[in-house]
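Report on the structure
So the chains spell out like this:
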Amino acid sequence: MHRPQYRNAQNSAMTYALDDALYRAAADDEVKVIVLGGAGEHFSAGHDIGTPGRDIDTSFERRAGLWWDHVGKPGAESRFARESEVYLGMCRRWRELPKPTIAMVQGACIAGGLMLAWCCDLIVAADDAFFADPVVRMGIPGVEYFAHPWVMGPRYAKEFLFLGERVGAERALQLGMVNRVVPRADLETSTMDIAQRIAKMPRLGLALTKKAVNQAEDLMGLRAGMDSVFGLHHVAHAHNAETGTDALAGHDARTMRDGGR
C-alpha cells in the first residue's frame, strides 16, 4: 500500500489496485507467498474519511459481489452497496486467496486497517505497532469485516470496542491477534524469512490447509456473524444520517484520532 502521506488510508482506488496485485499474485506460479505491507511509518490508518483522494462518489468495476453501482443512489442504498463491495466483499475475496498471505504491520493499524491485516493468514508486527477500532465513538459497532470475537476472543473484543483504545504489539501477541512481534528494524527481514520458509512447502498442501482452517473458522460462526453485524453496522450509519449531520456522526479522521488520546 503506497499512500504514506495519508498513513495508507484506504480509498477505493487503493482497494482496487490491491485487488489487481493480489489477483496477479494468485495467478503467477512463481509467487508462493504474498506479503502485504504499508509504505512509510504506518501500516494503515483505516478507511479514507477525509483525504484529498477520498473517492466515495467514484464508480469502479465491481468484482466482489453483484450489488449495483452505489454512485447516484440515495441514502442507505448507496452505502450498503458500496461497503458490500469495497469493504466486506473485498476482504472476504482476499481471505479466500489460495496462497498464504502475511500482513507485515508497523505503526498504526486502525479500524479499516484491521480488516486488511485480519484477512491475511499470518500477522507479523513490529514492536511499535498498535491496533484499535474506535468506531463505537461514531455509534457504529465495529468495522465491516467484523472478525473481532474470533481474532481476540469475545470478552476482550467487547473491551477493545467499548474503550476504542490502542492495543500495543505485545498485548496483541498475548491475545492471539498477531503471530510474532519483532524489532521495527527487523520487520521486513523477519517477515521475509517466514515467507521463504513457508514457500518451501507444497503449493497444493498450503492451499488445502488454508481452506481447512478457514472452513473451520466459518463453522465457528465467522461468516454468519459478519453478515449479521454488517446489518447492524448499517443501522448505525442510517441512524447517524437521520439524527445528525452525516453517516459518521460528524466525525472525521482528526476527531477520531484526538478522541482516542
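One can find the structure itself at the top, above this paragraph.
Residues numbered from 1 in each chain as written. Predicted model: local features only at pLDDT ≥ 70, side-chain atom pairs only at ≥ 80, totals over all residues. Heavy atoms only, no water.

**What to know about the overall build of the protein chain**
Short version of the rule: A run of H or I in DSSP counts as a helix once it spans at least four residues, and a run of E counts as a strand once it spans at least two, with each numbered from the N terminus. Here the globule rule is a power law, 2.2 Å times the number of residues to the power 0.38, and the radius of gyration is based on C-alpha atoms. Working definition: with a 1.4 Å probe on protein chains only, accessible area under 20% of the residue-type maximum means buried, over 50% means exposed, and in between means partly exposed. Throughout, a contact is declared for two residues whenever any of their heavy atoms are within 4.5 Å.
When helices and strands are tallied, the protein chain shows 10 helices and 7 strands. Its C-alpha radius of gyration of 18 Å places the protein chain within 12% of the 18 Å reference for a compact globule of 261 residues. For the protein chain, the spread of C-alpha atoms along the principal axes amounts to about 55 × 40 × 40 Å. Burial status across the protein chain gives 49% buried among its 261 residues. Sequence separation of at least 24 residues holds for 73% of the intrachain contacts in the protein chain that already meet a minimum separation of 6.

**Concerning the sheet that holds strand S4 (residues 122–126)**
Operational definition: Pairing between two strands requires that DSSP report at least two bridges joining them. Orientation is described by axes fitted as lines to C-alpha atoms, over the contacting stretch for helices, and by angles from 0 to 180 degrees between their N-to-C directions.
A sheet is described by the order of its strands in space; here 4 strands give the open sequence S1-S2-S4-S7, paired in parallel fashion. Unpaired on one side and paired on the other, strand S1 (34–37) and strand S7 (180–182) mark the two borders of the sheet. Going across the sheet, the axis of each strand differs from the next one's by a mean of 25°, ignoring polarity. Examined bridge by bridge, strand S2 (residues 101–105) and S4 share 4 bridges and lie parallel to one another. Bridge pairing in S4 links alanine 103 to isoleucine 123. In the packing of helix H7 (residues 187–199) onto the sheet, contacts are made with S1, S2, S4 and S7, and the angle to S2 comes to roughly 170°.

**Some words on the side chain of glutamate 85**
For the record, the criterion: Working convention for charge: Lys and Arg count positive, Asp and Glu count negative, and His plus the chain ends are omitted. Criterion for a salt bridge: a side-chain nitrogen of Lys or Arg within 4 Å of a carboxyl oxygen of Asp or Glu. A 3.5 Å cut-off defines polar contacts: any pair of N or O atoms within that distance qualifies, except that in protein one atom must be a possible hydrogen donor and the other a possible acceptor, and neighbouring residues in sequence count only when both atoms are side-chain atoms.
You can see glutamate 85 is positioned in helix H2 (residues 75–95). In this structure glutamate 85 is buried but unpaired, with arginine 62 as the nearest side chain of opposite charge at 5.9 Å. A distance of 2.8 Å separates the side chain of glutamate 85 from the side chain of tyrosine 16, its partner in a polar contact. Residues contacting glutamate 85, with those up to four places away along its chain left out, are Tyr16, Glu61, Arg62, Arg63, Ala64, Gly65 and Met90.

**Quick word on the packing of helix H1 (residues 12–27) against H2**
Filter applied, for reference: Orientation is classified from the angle alone, with under 35 degrees giving roughly parallel, over 145 giving roughly antiparallel, 65 to 115 giving roughly perpendicular, and any other angle giving oblique. Should the near helix be turned anticlockwise from the far one by less than a right angle, the crossing is left-handed, and should it be turned clockwise, the crossing is right-handed. Polar here means any residue other than Ala, Val, Leu, Ile, Met, Phe, Trp, Tyr, Cys and Pro, which are nonpolar, and Asp, Glu, Lys and Arg, which are charged; Gly is therefore polar.
Packing of H1 against H2 leaves a shortest axis separation of 11 Å and a crossing angle of 25°. When the axis of H1 is compared with that of H2, the two are roughly parallel. The two elements H1 and H2 meet at a crossing, and its hand is left-handed. Contacts between H1 and H2 involve Ser12, Thr15, Tyr16, Leu18, Asp19, Leu22 and Tyr23 on the former and, on the latter, Arg82, Glu85, Val86, Met90, Arg93 and Trp94. Looking at the contact of H1 with H2, its residues break down into 7 nonpolar, 2 polar and 4 charged.

**Re the packing of aromatic side chains**
Using the following cut-off: Pairs were defined over the aromatic rings of Phe, Tyr and Trp, the Trp ring being its six-membered one, requiring ring centres within 6.5 Å. Orientation was assigned from the angle between planes: stacked under 30 degrees, edge-to-face over 60, tilted for the rest.
A full pass over the atoms with the stated rule returns 5 aromatic pairs. Residues tryptophan 67 and tryptophan 68 carry aromatic rings whose centres are separated by 4.9 Å and whose planes lie at 70° to one another, so their mutual orientation is edge-to-face. By the ring-pair criterion, three or more aromatic residues cluster together here, those being Trp67, Trp68, Phe80 and Phe230.

**What about the state of the cysteines?**
This is how it is decided: We call a pair of cysteine sulfur atoms a disulfide whenever their separation is within 2.5 Å.
With the rule as written, the count across this model stands at 0 disulfides. The structure places no disulfide on cysteine 91, whose sulfur is separated from the nearest cysteine sulfur, that of cysteine 119, by 4.5 Å. For cysteine 109, which is in no disulfide, the shortest distance to another cysteine sulfur is to cysteine 120 and amounts to 9.7 Å.

**As for unusual backbone geometry**
The backbone of arginine 7 shows a phi angle near 55°, a positive value even though the residue is not glycine. If you trace the backbone, arginine 7 turns up in the segment before H1.

**What about the environment of alanine 9?**
Position of alanine 9 relative to the elements: it lies in the segment before H1. A sequence separation of 121 residues divides alanine 9 from phenylalanine 130, and the C-alpha atoms of the two residues are 15 Å apart. Those residues in contact with alanine 9, other than ones at most four positions away along the chain, are Arg3, Met14, Gly46, His47, Asp48 and Thr51.

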